[in-house]
Amino acid sequence: MISRYLTSFDPSRIRQLKYDYVILGSGIAGLWCALEAMGHGSVAIVTKGPRDEGSTKYAQGGIAAALCPQDSPALHLQDTMDAGAGLCNREAVSVLVTEGPQRVKQLVRRGAEFDQENGQLVLAREGAHGIRRIVRAQGDQTGREVERALIAEIQKSRVDVHEKMFGVDLLTQRDECVGVLGWSVPKGEFVLFRGEVTIIASGGAGQLFDVTTNPTVVTGDGAAMAFRAGAQLQDLEFMQFHPTALASVDESSGDSVSPKFLISEAVRGEGAQLLNLHGERFMPHYHPLAELAPRDVVSKSILEEMHKTHTKHVLLDLTAHSREAIQHRFPTIFRTCEEQGIDPSAQPIPVSPAAHYTMGGVKTGLNGETNIRRLYACGEAACTGVHGANRLASNSLLEGMVFGSRAVTAARRMVDRQQPVAPDLSAIFVPTCPRGREGKPPERLRKELQTVMWRQVGLLRSDEALQDAVTRIDMIQAETARLPEGPKAWELTNMAQLARLVALSALLRTESRGAHRRSDYPEPDNRRWRKHIVLTRRLIDNLQIDAEPDILVEDVK
Ligand SMILES: Cc1cc2nc3c(=O)[nH]c(=O)nc-3n(C[C@H](O)[C@H](O)[C@H](O)COP(=O)(O)OP(=O)(O)OC[C@H]3O[C@@H](n4cnc5c(N)ncnc54)[C@H](O)[C@@H]3O)c2cc1C
């Protein structure tokens with residue numbers, strides 16, 4: 001049994017702020033929504049760290065869109081569908097690739113400066129793209145440039161950005177969302193953000209895993225709080241493992257460094273080859289596209305090579321390029337390798353897979369709408385169905401903009417049509433639930449959870465490992481309930497609740513497809529499993545949720 005709300009609170013005693021649009025998160029999806037919504041009402045961004053912290057800032061490769069005459073939305077659609085291993089929602093992909101080019105141009109108008117040659121955008125190639133179609137900034141700093149440009153626009157606007165404000169829970173009443181309960185970390189107090197519309201743009205959940213490229217704030221809070229509020233979650237078993245994270249180790253502890261630094265797929269797009277520890281190139285044996293095969297195929301092949309050679313990494317060889325060329329094309333990668341004592345022009349880079357992108361999330365329609373009125377989701381927190389079982393590289397920044405715009409358009413229409421929301425906040429009063437005051441330190445529990453997820457719900461899964469993972473996660477959840485109140489305990493509770501749902505979904509899907517691989521069911525099973533797994537809470541009373549969710553298995557659209 002889990003509680004509907006993470007904490008006990010009395011809304012009548014909490015400071016309230018009223019807005020038309022309350023947006024959770026300040027990555028590309030949240031910032032984009034805020035810029036689209038401003039001018040149509042008051043807008044607040046609630047974000048748990050500094051405003052630029054999230055996966056967006058770390059994106060390297062770029063943004064995919066059909067921008068050159070040789071390319072077309074139809075070609076982009078085909079590549080996306082092929083990578084998605086039979087689970088993409090065709091209509092959603094069509095929206096993504098058709099509206100994508102306009103959004104990239106809009107991003108440029110909003111101030112993002114992408115690399116150009118002779119006045120034309122430079123287009124790069126990445127894995128599973130049939131053509132060069134990825135725009136990038138300063139070589140490998142696309143995300144940083146996107147955040148910079150969008151934050152600069154926000155700073156000129158009247159959008160209120162509430163930093164270091166941990167979104168604790170969505171407030172719901174009579175099946176509609178009426179806002180977000182926040183916790184101001186610096187002030188140590190609750191704040192109630194009442195919204196005509198609430199948009200979840202809180203990113204993915206890579207931090208559920210011990211080895212990940214995702215920054216520490218990316219813990220799946222949005223999906224967990226949406227689940228508690230009754231929203232549907234879809235495709236949770238599909239976590240993308242990026243094939244090439246830098247295989248670095250913390251010298252003092254001997255532990256793997258977390259988060260892992262990414263060696264962008266664009267490096268393989270520029271011709272880098274993967275070698276095993278014997279120096280043999282192996283990808284041509286696994287897929288006709290070799291190093292440019294879809295990510296799931298490359299990760300799986302690397303895993304097999306690591307297994308065969310009894311090592312924890314393989315090698316990415318970029319030595320065919322000069323030092324100057326690498327430094328110019330991939331300045332951040334070059335610098336980070338050098339800091340690790342690796343000269344990528346002289347020696348191959350040690351790499352291994354890491355949890356990278358959450359394909360599943362809060363189930364939405366084509367306009368970001370969820371099954372809860374006044375609640376929308378977009379960006380990595382959402383599951384629009386565009387990525388299917390395996391995301392095509394550089395489609396996610398694009399998704400944040402395309403579906404962010406659509407969510408705000410739909411929300412505006414809804415606000416225009418409906419009476420203003422008038423919640424009876426006294427009815428939301430949540431009585432004190434006893435919490436412990438001690439237990440294992442939250443950092444230790446977090447590490448335990450991440451280790452279970454990485455080892456047992458990671459790249460290769462089995463019935464036995466998944467069953468055991470669920471038991472262990474239950475134990476961690478019980479320990480978490482004993483922690484004193486506060487953001488660390490709430491965050492960990494979100495992680496454990498979501499981790500359990502990921503493991504349950506993975507257990508249910510008795511096949512291998514895209515990013516989900518089962519040693520006991522090594523092949524895809526189209527007859528039974530060309531379907532989505534959709535989870536919702538089972539409400540016991542108004543304040544308790546059964547740990548076992550309701551499960552729907554839906555056909556692919
Ligand atoms: C290393 C790396 C490289 C990548 N490279 C690319 C690439 O080249 N191209 C591409 O398309 N994609 C890339 N991706 C993926 C892409 O960056 C993400 O999918 C995308 O940035 C997600 O944007 P978002 O706005 O949905 O979430 P994020 O950018 O992750 O932002 C989430 C926001 O939500 C906030 N938040 C979370 N929980 C709470 C809470 N409880 N309360 C308040 N706020 C909260 C966070 O603080 C943050 O502001 C990469 C990802 C990584 C990690």
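Residues numbered from 1 in each chain as written. Predicted model: local features only at pLDDT ≥ 70, side-chain atom pairs only at ≥ 80, totals over all residues. Heavy atoms only, no water.

Engineer: Quick question: what am I supposed to make of the site of the ligand here?
Structural biologist: Neighbouring the ligand are 40 residues, the closest being Thr56, Gly62, Asp221, Glu380 and Ser396. At 3.1 Å from an oxygen atom of the ligand is found a main-chain nitrogen or oxygen belonging to isoleucine 28. The protein chains hide 98% of the 1,000 Å² of surface that the ligand would expose on its own. Only helix 1 (28-37), strand 9 (165-173), helix 5 (221-229), strand 16 (349-358) and helix 11 (396-417) provide two or more residues apiece to the shell around the ligand. A per-element tally of the shell around the ligand places strand 9 first, with three residues. (Near = heavy atom within 4 Å. Polar contact = N/O pair within 3.5 Å; in protein donor to acceptor, adjacent residues only side chain to side chain. Areas by Shrake-Rupley, 256 points an atom, 1.4 Å probe, with all protein chains shown as cover. Helix = DSSP H or I, 4+ residues; strand = E, 2+ residues; numbered from the N terminus.)

Engineer: Please explain empty space enclosed by the protein as it appears in this structure.
Structural biologist: Over the atoms a probe the size of a water molecule is rolled, and this reveals where empty space is left. A full pass over the atoms with the stated rule returns four cavities of 30 Å³ or more. Within this model, the largest cavity holds a volume of roughly 90 Å³. Looking at the largest cavity, it is lined by 16 residues, and the ones nearest its centre are Ala205, Ala223, Thr358, Gly360 and Leu498. When contributions to the lining of the largest cavity are tallied by element, the ones reaching two or more residues are helix 5 and helix 14 (487-508). (1 Å grid on protein atoms, 1.4 Å probe; cavity = no way out; pocket = protein on both sides within 12 Å on 5 of 7 lines; lining within 4 Å. Points joined across faces, edges and corners; volume = space filled by probe spheres on them.)

Engineer: Just to check I follow, could you spell out the domain arrangement of the protein chain for this structure?
Structural biologist: The accessible area lost on association of the parts is a frequent measure of interface size. Assigned domains of the protein chain: these are domain 1 (2-238 + 359-425) and domain 2 (240-356). Here domain 1 and domain 2 have C-alpha centroids that lie 29 Å from each other. At the junction of the two partners, domain 1 supplies 27 residues and domain 2 supplies 30 residues. Counting each side, the surface lost to burial between domain 1 and domain 2 is near 2,300 Å², with a carbon and sulfur contribution of 48%. In this structure, the connection of domain 1 to domain 2 is made through one salt bridge. Arginine 132 serves as the salt-bridge partner of glutamate 270, at 4.0 Å between the closest nitrogen and oxygen. Applying the counting rule to domain 1 against domain 2 returns 17 residue pairs in polar contact (both at pLDDT 80 or more). When grouped by side-chain class, the residues that make up the side of domain 1 that touches domain 2 number eight nonpolar, 11 polar and eight charged. (Domains from an automatic or database assignment. Contact = heavy atoms within 4.5 Å. Buried area = accessible area lost by both parts, 1.4 Å probe. Salt bridge = Lys/Arg side-chain N within 4 Å of Asp/Glu carboxyl O. Nonpolar A, V, L, I, M, F, W, Y, C, P; charged D, E, K, R; others polar.)

Engineer: Please clarify how the environment of arginine 125 should be interpreted in this entry.
Structural biologist: Along the polypeptide, arginine 125 turns up in the loop between strand 6 (120-121) and strand 7 (134-135). Spatially, the C-alpha atom of arginine 125 lies 9.8 Å from that of glycine 62, the residues being 63 residues apart in sequence. For arginine 125, the residues in contact, after removing those within four places along its chain, are Gly130, Ile131, Arg132, Ile134, Ala266, Gly269 and Leu292. Of the polar contacts made by the side chain of arginine 125, one reaches the backbone oxygen of histidine 129; its length is 2.8 Å.

Engineer: Mind showing me how you'd approach the state of the cysteines here?
Structural biologist: Disulfides are covalent bonds that link the sulfur atoms of two cysteine residues. According to the stated counting rule, one finds zero disulfides in the structure shown. Counting only cysteine sulfurs, cysteine 88 is the nearest neighbor of cysteine 383, a cysteine outside any disulfide, at a range of 10 Å. Classification of cysteine 383 as buried rests on a relative accessible area of 2%. (Disulfide = S-S within 2.5 Å. Buried < 20%, exposed > 50% of the residue type's maximum accessible area, 1.4 Å probe, protein only.)

Engineer: What should I look at first to understand helix 5 in this one?
Structural biologist: For an α-helix, 3.6 residues make a turn, and residues three or four places apart therefore share a direction. Across the nine residues that make up helix 5, a large majority, nine, are buried. Among the residues of helix 5, those classed as buried are Asp221, Gly222, Ala223, Ala224, Met225, Ala226, Phe227, Arg228 and Ala229. Positive phi shows up at glycine 230, right after helix 5, with a value of about 105°.

Engineer: Help me understand the packing of helix 2 (residues 73-83) against helix 3 (residues 90-109), please; the structure alone is not making it clear to me.
Structural biologist: Describing two packed helices takes the angle between their axes plus the distance from one axis to the other. Between helix 2 and helix 3, the least distance of the axes is 9 Å, while the angle of their chain directions is 135°. Compared by their axis directions, helix 2 and helix 3 come out oblique. For the crossing formed where helix 2 meets helix 3, the hand is right-handed. Along its contact with helix 2, which presents Pro73, His76, Leu77, Thr80 and Met81, the element helix 3 presents Arg90, Val93, Ser94, Val97 and Thr98. The class makeup of the residues in the contact of helix 2 with helix 3 is five nonpolar, four polar and one charged. (Axes fitted to C-alpha atoms, helices over the stretch in contact; angles between N-to-C directions. Parallel < 35°, antiparallel > 145°, perpendicular 65-115°, else oblique. Left-handed = near helix turned anticlockwise from the far one by under 90°.)

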